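Structure assessment
Chain by chain, the residues:
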Amino acid sequence: MRKIVTGLAQGEDQPEFSERLVRKRLYKQLADPDVARAVAESWTDALASGSLYQALERLDLLESAGQDREARVPVPGWLFLALPALLHSPNEAIYLAGMFLTPSFHALDPPNQGLFIARAIQFFIRCRHFVAAREAVDFLCDHHHPPAVHLPRTFARCLHALTKDHSRPGSASGPPHDLLVALATRMRSTMAKRKIERTVETCRPLFHPALIPRDPAGAHALLASVVAARVHPPPEFLHSVMKVYASSGLPQATAKLRDQIYRMVRDEEAGAVEAGNEEAGAVEAEADDDDGDFADLATSEQDELRVRDVFVKLETTYLRSLTNDPPAALKQFELLRAHIAEHSHPHEMRRVWTVLFYVLSVSRDVTGADLLGLLHQLEHAAVSEHRSHERATARIYTIVLQGLLQRREYEHAISLWYHVRRTPVRPDLVLFTAAATAFARHGDLALAERTLREFSSSSSPPTSSSSSPSPSSPPPSPTLDAAPLNVLMSASSRAGRYQATYDLFQRFPSYGVRPNAATISILLDTARYASAASGKGFGPGDEALPSHAGGGVPDRWDGQEAWRVGEQLVWSILEQGWPDAARSLRDPRSTGGIRAFLGLAPSAPTPGAAEGRPFARTLSPDSLLFPQIHPSERLFRSFIQLLGYHSTSESIPLVLAWMRFLDVRPTRETLVLAVLYIDEGAPTDGQRRRLREWLEDWLGRGMAPSDDAIAKKRRGGNGAEAAPFN
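Residues numbered from 1 in each chain as written. Predicted model: local features only at pLDDT ≥ 70, side-chain atom pairs only at ≥ 80, totals over all residues. Heavy atoms only, no water.

Observations concerning the overall build of the protein chain
- When helices and strands are tallied, the protein chain shows 35 helices and two strands.
- Across the 726 residues that make up the protein chain, the buried fraction comes to 53%.
- Sequence separation of 24 or more characterises 70% of the internal contacts of the protein chain that already satisfy a separation of 6 or more.
- A total of about 33600 Å² of accessible surface is found on the protein chain, and carbon and sulfur atoms cover 51% of it. (Helix = DSSP H or I, 4+ residues; strand = E, 2+ residues; numbered from the N terminus. Buried < 20%, exposed > 50% of the residue type's maximum accessible area, 1.4 Å probe, protein only. Contact = heavy atoms within 4.5 Å. Areas by Shrake-Rupley, 256 points an atom, 1.4 Å probe, with all protein chains shown as cover.)

Now the structure itself:
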């Protein structure tokens, strides 16, 4: 029973987690006569309910039962720690947040308090309630009474919780990278203030793909900060940085890190052999040649470990960096292929093939025909040469299909999709999304939407008489997410179907999907295009307007102007998610703008601290419309364009203040657009000076857009191209 509970608490799937099996194992484990049968049944019912609300109800832990007294049902620590894993819906996040205020939480010892905080963060993120996740981090960083908040292990667990989402790091379906980095930065800052020692375990999550900076300079700076903290980075840290260099297409820098890791591994092997020889010396008198044999054996074992666990990983990462040199990539592929055939397990070729297809798909020197030809060679070899470990997978098909989309070969992409449907490969959501994109860009939006509905209906888990789901088992995860529907929205918007785009946005609930930041950005752009098509607005904003669109296009949604609907939506997201900031932020151009704003640094204030109790926003009786949305740089740019295009530039400085508060750094393009629109509002010289000083205080000296960059953008060019800053 404890194994099941531990697995649940760690987020592991429990396919056999049925009520009957839980009862059987629970009664077996709880043979202690001191445990009443009614108590055991309450524990069983709680765990088997599959719902956090129902579990808390059975354990008498709901707020309505009263937080100032112990529950009638005794709740042991191991059971309380399992509760976060029962959170499957953002609608129930309020109940998990309420557990931080119960006597059961404060009765835990400090290490288990930290474990509960970490698991709560993990499952808040997994169910996409980012407001609750942020407030859980606020609880960790703003409160000093729970002893757990001073333990290095607590911070290591909480940082690790940020990396535990089921989605692939960096994918459109996962939690926003900016949000995860902001939460990690908040924890690191708190550790520094509390003088909590940095260890390998507190640093390890920072090098996970979900948290590591995506630019080489940022990744290198992170590694340098670890070394400066006198933490010896293991080879895996360097390998994570190496992956960032490889993804940026920097083979020379990637190779340097690869060689450095090889040296580290060799040094570790030498140390291990030396330690082994010292240990073997104790029996040297009994076997004359044992020492030599022992050394040879140790070296052989370490070499095998390096061959299997280091060489293939490092050389595959180096292969990924060769996006600008296809011949070198093919040569590196053959090197890996020969090495794996001789020294390693054949299944490792699957990843090597996947990386090769990725490298060739993004290379400008490789045509769509080349990609398809290589794919057909792989399919033929898998059948004719019986290479079971070298075959086309769903991931490879997705990469090739996306490569064809990048080359605008939509008909070939559609043909490939129909070919995949005739193979034994079962497409996943990413592959279905790529296929829907191909249909949408080819102009068949109805078929694109039908493709996604096909996935929705075909992805239900199969049932059998031996493993039928219990009526009270946890609900399955949604089969769709926002990413594929965003594809349809974008294609519909680009086709000039603005009302249809808004209608699709409103149909998200029918798919069981909630919008994300990219959804809102597409909606804002659609509202701007609708205004431009109907003859409203001015300035940069109609660059993506379809050529066939003309005047008279309807631009009203639900009886309001489309752009007003978009504006109100964004303000509601910001004001509901951060009510304290909504009351405090001000236009940075106002008198004393810098001093007035600097009191609100990105990490202070927080809703929990400002409003007097933990989880003030999550536990508020006012429902949150979009707790899953964390504003991105792209969303803010779309918002700035929407406001500027409709002559409401007086609100744009406040939008910049929101970006600073949320620690969302604007791109050059966004910043030039923002200042251009602000200038259109004829600010005074004093306001312009204060805005420039404020921007440089935020972004760094010389980072305010230059007059030349603004003038170039006003003429219709790209103001971010050349010398955009003073």
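Okay, back to it.
Description of the pattern of salt bridges
- Counted by the stated rule, this structure contains 20 salt bridges.
- The shortest N-O distance in the salt bridge between Arg 688 and Asp 707 comes to 3.6 Å. Of the two residues, Arg 688 sits in helix 34 (residues 685-699) while Asp 707 sits in helix 35 (residues 707-714), which places them 19 residues apart along the sequence.
- Given the relative accessible area of 35%, Arg 688 is considered partly exposed.
- Assessed through its relative accessible area of 48%, Asp 707 is described here as partly exposed.
- One network of salt bridges, in which partners are shared, links Asp 138, Asp 142 and Arg 186. (Salt bridge = Lys/Arg side-chain N within 4 Å of Asp/Glu carboxyl O.)

A look at the layout of surface pockets
- Empty space within the second largest pocket amounts to approximately 500 Å³.
- If you go around the second largest pocket, you meet 28 residues; those closest to its centre are Asn 91, Leu 624, Leu 625, Phe 626 and Pro 627.
- For the lining of the second largest pocket, the secondary structure elements donating two or more residues are helix 25 (498-506) and helix 27 (562-577).
- Of the residues forming the lining of the second largest pocket, the biggest block, three residues, is contributed by helix 25.
- Here the residues of the lining of the second largest pocket are counted per class, giving 16 nonpolar, eight polar and four charged. (1 Å grid on protein atoms, 1.4 Å probe; cavity = no way out; pocket = protein on both sides within 12 Å on 5 of 7 lines; lining within 4 Å. Points joined across faces, edges and corners; volume = space filled by probe spheres on them. Nonpolar A, V, L, I, M, F, W, Y, C, P; charged D, E, K, R; others polar.)

Things to note about the packing of aromatic side chains
- Counting across every chain of the model gives 24 aromatic pairs.
- Pairing Trp 43 with Trp 78 gives two aromatic rings, centres 5.6 Å apart and planes at 85°, and the pair type is edge-to-face. Of this pair, Trp 43 sits in helix 3 (residues 37-48) while Trp 78 sits in helix 5 (residues 77-82); the two residues are 35 residues apart in sequence, bridging distant segments of the chain.
- Measuring from centroid to centroid gives 5.0 Å for Trp 417 and Phe 432, while their planes differ by 65°, and the two rings are edge-to-face. (Phe/Tyr/Trp six-rings, centres within 6.5 Å; stacked < 30°, edge-to-face > 60°.)

Section: the environment of Met 349
- Looking at the element boundaries, Met 349 is found in helix 18 (residues 349-362).
- Distance from Met 349 to Thr 316, taken between C-alpha atoms, is 9.9 Å for residues 33 residues apart in sequence.
- Look past the residues within four positions of Met 349 in its chain and what remains in contact with it is Phe 333, Arg 337, Ile 340, His 389 and Glu 390.

Examining the packing of helix 22 (residues 429-441) against helix 24 (residues 482-494)
- At their nearest, the axes of helix 22 and helix 24 sit 9 Å apart, and the two run at 10° to each other. Relative to helix 24, the element helix 22 lies roughly parallel. Taken together, the residues of helix 24 that come into contact with helix 22 (itself represented by Leu 429, Thr 433, Thr 437 and Ala 440) are Pro 484, Val 487, Leu 488 and Ala 491.
- Tallied by class, residues from the contact of helix 22 with helix 24 come to six nonpolar, two polar and no charged. (Axes fitted to C-alpha atoms, helices over the stretch in contact; angles between N-to-C directions. Parallel < 35°, antiparallel > 145°, perpendicular 65-115°, else oblique.)

Here we look at empty space enclosed by the protein
- Tallied over the entire structure, the rule returns two cavities of 30 Å³ or more.
- Estimates place the volume of the largest cavity at around 70 Å³.
- Contributing to the lining of the largest cavity are Val 131, Ser 572, Ile 573, Gln 576, Gly 577, Trp 578, Leu 624, Leu 625, Phe 626, Pro 627 and Ile 629.
- In terms of residue count, helix 27 provides more of the lining of the largest cavity than any other element does, four residues in total.
- Its residues placed into classes, the lining of the largest cavity shows eight nonpolar, three polar and no charged.
- Taken as a whole, the second largest cavity spans an internal volume of roughly 30 Å³.
- Looking at the second largest cavity, the residues that line it are Phe 130, Val 131, Arg 134, Leu 179, Trp 578, Pro 627, Ile 629 and His 630.
- Top element by residues in the lining of the second largest cavity is helix 9 (residues 130-142). It accounts for three residues.
- Its residues assigned to classes, the lining of the second largest cavity shows six nonpolar, one polar and one charged.

Considering the nonpolar core
- In this structure, Ile 121, Phe 124, Leu 162, Met 187, Phe 357, Leu 656 and Trp 658 are the most contacted members of the largest nonpolar core, which totals 202 residues.
- With residues up to four places along the chain from it excluded, the contact list for Trp 658 reads Trp 571, Leu 574, Trp 578, Ala 581, Ala 582, Leu 585 and Phe 636. (Core = buried A, V, L, I, M, F, W, Y, C linked by side-chain atoms within 4.5 Å.)

Describing the packing of helix 27 against helix 31 (residues 633-645)
- In the contact formed by helix 27 and helix 31, the axes pass within 10 Å of each other and the chain directions differ by 135°. With respect to helix 31, the element helix 27 is oriented oblique. For the pair helix 27 and helix 31, the sense of crossing is left-handed. Note on element contacts: helix 31 touches helix 27 through Leu 635, Phe 636, Phe 639, Leu 642 and Leu 643, opposite Trp 563, Gly 566, Glu 567, Val 570, Trp 571 and Leu 574.
- Here the contact of helix 27 with helix 31 is built from residues that sort into nine nonpolar, one polar and one charged. (Left-handed = near helix turned anticlockwise from the far one by under 90°.)

Description of the side chain of Asn 516
- Its location among the elements puts Asn 516 in the loop between helix 25 and helix 26 (517-533).
- The buried category is assigned to Asn 516, whose relative accessible area is 18%.
- Here the side chain of Asn 516 touches Asn 486 through a polar contact of 3.1 Å, side chain to side chain.
- Once residues lying within four places of it in the same chain are set aside, the contact partners of Asn 516 are Ala 172, Ala 482, Asn 486 and Ile 629. (Polar contact = N/O pair within 3.5 Å; in protein donor to acceptor, adjacent residues only side chain to side chain.)

Looking at the environment of Thr 398
- Tracing the backbone shows Thr 398 in helix 20 (residues 394-406).
- For Thr 398, a relative accessible area of 1% puts it in the buried group.
- Residues within four places of Thr 398 in sequence aside, it is in contact with Asp 428, Val 430 and Leu 431.
- From its side chain, Thr 398 meets the backbone oxygen of Ala 394 in a polar contact 2.8 Å long.

Looking at unusual backbone geometry
- Residues other than glycine seldom take positive phi values, yet Arg 408 does so here, at roughly 60°.
- You can see Arg 408 is positioned in the loop between helix 20 and helix 21 (410-421).
- Arg 408 gets classed as exposed once you look at its relative accessible area, which sits at 67%.
- Even without a glycine there, the phi angle at Asp 558 is positive, about 55°.
- Asp 558 sits in the exposed class, given a relative accessible area of 56%.

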